[in-house]
Amino acid sequence: MKKRIFFLLIVLMSLSLIGIIAVQAYYINNSVENERERFEYNVKKSLSYVANTLEDEELDRLFNVYQSLDKEKKKDSTAVSQLFIYQQNKDTNETVIYSQGILEENYKLSSSILDAGFDVDSINLKRFTGSSKIEVFNSDLTDKDIEQSPISKITNIGRILEPEISYLKKNFREALKRKPIHTRISEDEITRLLSKKLKENNIDINYEFAIYSNDLATKVQSDNFENYKKSTYSTAIFYDDNKQTPYKLLVNFPGDSKFILSSVIGMMTLSIVFTLIIIIAYSSSLYQLIKQRKISQIKTDFINNMTHEFKTPIATINLALDSIKNPKIIGDQEKVKRYLGMIKEENKRMHAQVENVLRISKLEKNELNISKDRVKLHDLILDAITHVELIVEDRNGYIKTFLEADKSSILANETHFTNVIVNILDNAIKYSPEAPKIEVYTENVGNNILLKIKDHGSGMSKAAVKRVFEKFYREHTGNIHNVKGHGLGLAYVKRIVDDHQGHVSAESEKDNGSTFTIKLPIIT
């Protein structure tokens with residue numbers, strides 16, 4: 001896959017995922033806001049109901065007291081209103097007379113009689129009595145016929161309560177304005193009405209309430225009320241006839257956020273879970289995609305390196321075979337042996353590379369049986385040095401040992417662990433452009449032994465140090481194959497050290513050499 005297409009796919013997938021998350025977040029936020037608006041609407045509706053009911057109950061109590069005080073009422077003045085309507089029907093030769101009268105009686109009632117604690121001496125009241133009469137006569141009305149009896153007559157007499165109640169409540173409101181609020185209403189009344197209405201509106205959580213006068217607290221409030229402006233709902237209470245009032249009924253809910261979220265928590269949880277699944281699946285897919293692309297690149301590099309590694313031995317073998325076939329050479333036993341030796345060495349070299357590949361494959365599949373015995377790490381180090389010392393001497397270099405660990409007994413596989421040390425030493429030799437200068441150190445740290453192999457070669461970048469133990473990984477040097485290898489040696493080192501319950505790490509700086517450290521548990 002081309003690099004541009006690969007990155008375009010990642011960008012499109014990422015944008016799609018971000019879009020899905022944004023839509024989910026918007027939907028969840030919108031649902032929460034809708035629930036909050038519905039909660040606020042129900043709270044305000046409940047408060048309005050409570051405020052109206054408290055006012056109505058107060059006025060109804062006073063009106064009932066008023067109704068029971070007929071004997072105490074003293075009439076101050078009266079007024080009568082009368083209305084007559086004549087209607088004549090020529091077809092039936094009948095005359096209909098409608099008459100209606102209203103008797104208005106004015107009273108002054110002592111406030112002490114009402115026993116309501118008014119701060120006034122008396123209250124003005126009105127009593128309205130209404131009468132209506134319908135009479136039907138046989139002929140036209142004249143002066144001489146005025147005394148005749150009607151054909152039919154309907155008469156109604158009774159009190160007119162609506163204007164009487166309206167006037168009464170107006171005066172009561174005016175008188176109640178001067179009465180302290182804590183004498184007009186109790187906390188129990190508010191609790192009774194508010195709890196009932198909130199439950200009817202499906203709000204079943206704890207609340208605190210208070211009545212404020214001109215934004216100042218009154219004595220009427222619950223024990224734990226706090227006036228948090230952002231979370232407190234209010235409604236005016238006890239209006240006068242001018243629709244004005246200093247009083248407000250306030251209520252707040254300490255657990256309103258939890259209550260609002262509880263109504264959408266199921267949907268939110270499912271949405272979050274599914275979104276997380278999508279994110280995990282996307283991240284995993286992206287990780288696998290990038291990993292596969294890296295593996296593809298590494299394998300390409302590996303094939304190129306292996307091709308280069310096999311190219312030289314194959315060319316050498318071909319040249320040696322061509323030389324042997326030469327009639328002048330075939331008779332020279334020394335030269336034939338020399339060329340055959342070269343063929344054998346190059347064949348061994350190719351075989352070793354193939355074995356490394358197979359060995360790593362078996363390690364990954366846990367098919368490589370590694371038996372361990374008690375061995376001296378110092379002995380393994382000295383044995384490994386003998387495998388490479390001729391190459392180092394040929395390049396005018398050296399390997400110095402500083403084996404200062406008092407205890408070096410470990411549980412290890414002699415062959416594999418010798419190969420581990422050889423691979424690190426071989427790596428130090430290959431990446432030393434000048435004469436190889438290598439130091440080998442050991443020391444005891446607690447119940448462990450540390451093995452450090454330090455070189456003064458070309459070193460590695462920080463990025464390369466992080467990936468140096470990955471299979472097939474080699475630091476990019478363009479198309480220059482100045483260092484032979486296939487990126488398997490250090491991967492093999494890590495797998496063997498891990499199998500020995502050890503730890504291997506690398507420290508390096510570009511052009512300042514590298515240090516490989518192996519930490520192993522010692523046995524006593």
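Owing to the predicted nature of the structure, the values given are computational and were not obtained by experimental measurement.

Each value, and the rule that gives it
- Residues numbered from 1 in each chain as written.
- Predicted model: local features only at pLDDT ≥ 70, side-chain atom pairs only at ≥ 80, totals over all residues.
- Heavy atoms only, no water.
- pLDDT = per-residue confidence, 0-100.
- Contact = heavy atoms within 4.5 Å.
- Core = buried A, V, L, I, M, F, W, Y, C linked by side-chain atoms within 4.5 Å.
- Buried < 20%, exposed > 50% of the residue type's maximum accessible area, 1.4 Å probe, protein only.
- Helix = DSSP H or I, 4+ residues; strand = E, 2+ residues; numbered from the N terminus.
- Phe/Tyr/Trp six-rings, centres within 6.5 Å; stacked < 30°, edge-to-face > 60°.
- Lys NZ or Arg CZ within 6 Å of the ring centre and 35° of its normal.
- Axes fitted to C-alpha atoms, helices over the stretch in contact; angles between N-to-C directions.
- Parallel < 35°, antiparallel > 145°, perpendicular 65-115°, else oblique.
- Left-handed = near helix turned anticlockwise from the far one by under 90°.
- Nonpolar A, V, L, I, M, F, W, Y, C, P; charged D, E, K, R; others polar.
- Polar contact = N/O pair within 3.5 Å; in protein donor to acceptor, adjacent residues only side chain to side chain.
- Salt bridge = Lys/Arg side-chain N within 4 Å of Asp/Glu carboxyl O.
- Pairing = 2+ DSSP bridges.
- Patch = residues over 30% accessible without salt bridge, like charges linked within 9 Å, V, L, I, M, F, W, Y side chains within 5 Å.
- Areas by Shrake-Rupley, 256 points an atom, 1.4 Å probe, with all protein chains shown as cover.

On average, the protein chain scores 79 in pLDDT, and the residues at 70 or more come to 76%. Contacts for the low-pLDDT stretch residues 478–484, under 50 throughout, to residues beyond four places or in other chains number twelve contacts.

So, on to the nonpolar core. Within the largest apolar cluster, 42 residues are counted, with the highest numbers of intra-cluster contacts made by F417, I421, L425 and I518. Looking at which element gives the most residues to this core, the answer is helix α11 (residues 414–430), with eight residues. Contact partners of I421, with chain neighbours within four places excluded, come to L377, L380, I381, A384, L451 and I453. Listed in part, the 29 residues of the second largest apolar core include I28, V32, V43 and Y207.

Another aspect to go through is the packing of aromatic side chains. Tallied over the entire structure, the rule returns nine aromatic pairs. Judged by centre distance (4.9 Å) and plane angle (15 degrees), the rings of F402 and Y441 are stacked. With F402 in strand β10 (residues 398–403) and Y441 in strand β12 (residues 437–445), the pair connects residues that are 39 residues apart, well separated along the chain. The class of Y441 is partly exposed, set by a relative accessible area of 31%. Between the aromatic rings of F469 and F516, the centroid separation amounts to 6.2 Å while the plane-to-plane angle is 85 degrees, which identifies the pairing as edge-to-face. In this pair, F469 sits in the loop between α12 (462–467) and α13 (489–499) while F516 sits in strand β15 (residues 514–521), placing the two residues 47 residues apart along the sequence. This pair shows no difference in class: F469 is buried, exactly as F516 is. Every member of this aromatic cluster is reached through a ring pair, and the members are F39, Y207, F209, Y233, F253 and F259. Here R184 stacks its cationic end above the ring of F238, 4.1 Å away from the centre of that ring. Here the basic side chain of K400 rests over the ring of Y398, its NZ or CZ set 4.7 Å away from the ring centre.

Two elements in contact, helix α10 (residues 377–394) and α11, have axes separated by 9 Å at closest approach and are oriented at 40 degrees. Between α10 and α11, the crossing angle belongs to the class labelled oblique. For the pair α10 and α11, the sense of crossing is right-handed. Seen from α10, the contacting residues are L377, L380, I381, D383, A384, I385, H387, V388, I391 and V392; seen from α11, they are E414, F417, T418, I421, V422, L425 and I429. A per-class count over the contact of α10 with α11 returns 13 nonpolar, two polar and two charged.

Turning next to the environment of H456. Inspection of the secondary structure assignment puts H456 in the loop between β13 (448–455) and α12. Between the C-alpha atom of H456 and that of Y431, which follows or precedes it by 25 residues, the distance is 8.9 Å. Every residue in contact with H456, bar those within four places of it in the chain, is listed here: K437, E439 and G513. There is a polar contact of 3.1 Å between the side chain of H456 and the side chain of E439.

Oppositely charged side chains can form a pair if their charged atoms are brought close together. Tallying each qualifying case throughout the model produces eight salt bridges. Note that R192 and E57 form a salt bridge whose closest N and O atoms lie 3.4 Å from each other. On the criterion of sequence distance, the pair formed by R192 in helix α5 (residues 187–200) and E57 in helix α1 (residues 3–67) is long-range, its members being 135 residues apart. Here R192 falls in the partly exposed class, since its relative accessible area comes to 45%. A residue is classified by how much of its surface remains accessible, and E57, at 23% relative accessible area, is partly exposed. A salt bridge links E470 to R467; the nearest nitrogen and oxygen atoms lie 3.2 Å apart. Overall, E470 belongs to the partly exposed group, its relative accessible area being 32%.

Turning to the sheet that holds strand β8 (residues 247–252), a few remarks are in order. Each strand in a sheet pairs with another by means of backbone hydrogen bonds, the pair being arranged parallel or else antiparallel. Across the sheet, which stays open at both edges, the four strands sit in the order β6-β5-β8-β7 with antiparallel pairing between neighbours. In this open sheet, the two strands that pair with only one neighbour each are β6 (216–221) and β7 (232–236). Averaged over all neighbouring strand pairs, the angle between strand axes comes to 35 degrees, with direction disregarded. Note that β7 and β8 share five bridges and pair antiparallel. Its bridge partner lying in β8, S234 is registered against L250. Of the strands in this sheet, β5 (208–213), β6 and β8 touch α5, which is tilted by about 125 degrees from β5.

Another aspect to go through is the sheet that holds β15. With mixed pairing, five strands are arranged side by side in an open sheet as β10-β12-β13-β15-β14. Looking at which strands have only one partner, the edges of the open sheet turn out to be β10 and β14 (503–508). With strand direction ignored, the average angle separating the axes of adjacent strands in the sheet is 15 degrees. Sheet analysis places β13 next to β15, joined by seven bridges and oriented antiparallel. Across the sheet, N448 pairs through a bridge with P521, a residue of β15.

The next subject is a nonpolar patch on the surface. Taken together, the side chains of L8, V11, L12, L15 and I18 present a nonpolar region at the surface, about 480 Å² in accessible area. Mapped onto the elements, I18 comes out in helix α1. On the accessibility criterion, I18 (51% relative accessible area) is exposed.

Moving on, we come to the packing of α11 against α13. Closest axis-to-axis distance for the α11/α13 pair is 9 Å, and the angle between their directions is 145 degrees. Both α11 and α13 take part in a crossing whose hand is left-handed. Contacts between α11 and α13 involve H416, F417, N419, V420, N423, I424 and N427 on the former and, on the latter, G489, L490, Y492, V493, I496 and V497. Taken together, the residues that form the contact of α11 with α13 break down as eight nonpolar, five polar and no charged.

Side-chain direction in a regular strand flips from residue to residue, so the side chains alternate between the two faces of the sheet. Strand direction decides the pairing type here: β10 and β12, joined by six bridges, are parallel. Bridge pairing links F402 to Y441 in β12. Of the strand pairs in this sheet, β12 and β13 are connected by eight bridges, and their pairing is antiparallel. Along β13, the bridge assignment pairs V445 with N448. Connecting the antiparallel pair β12 and β13 is a turn made up of two residues, with G446 showing a positive phi of about 65 degrees.

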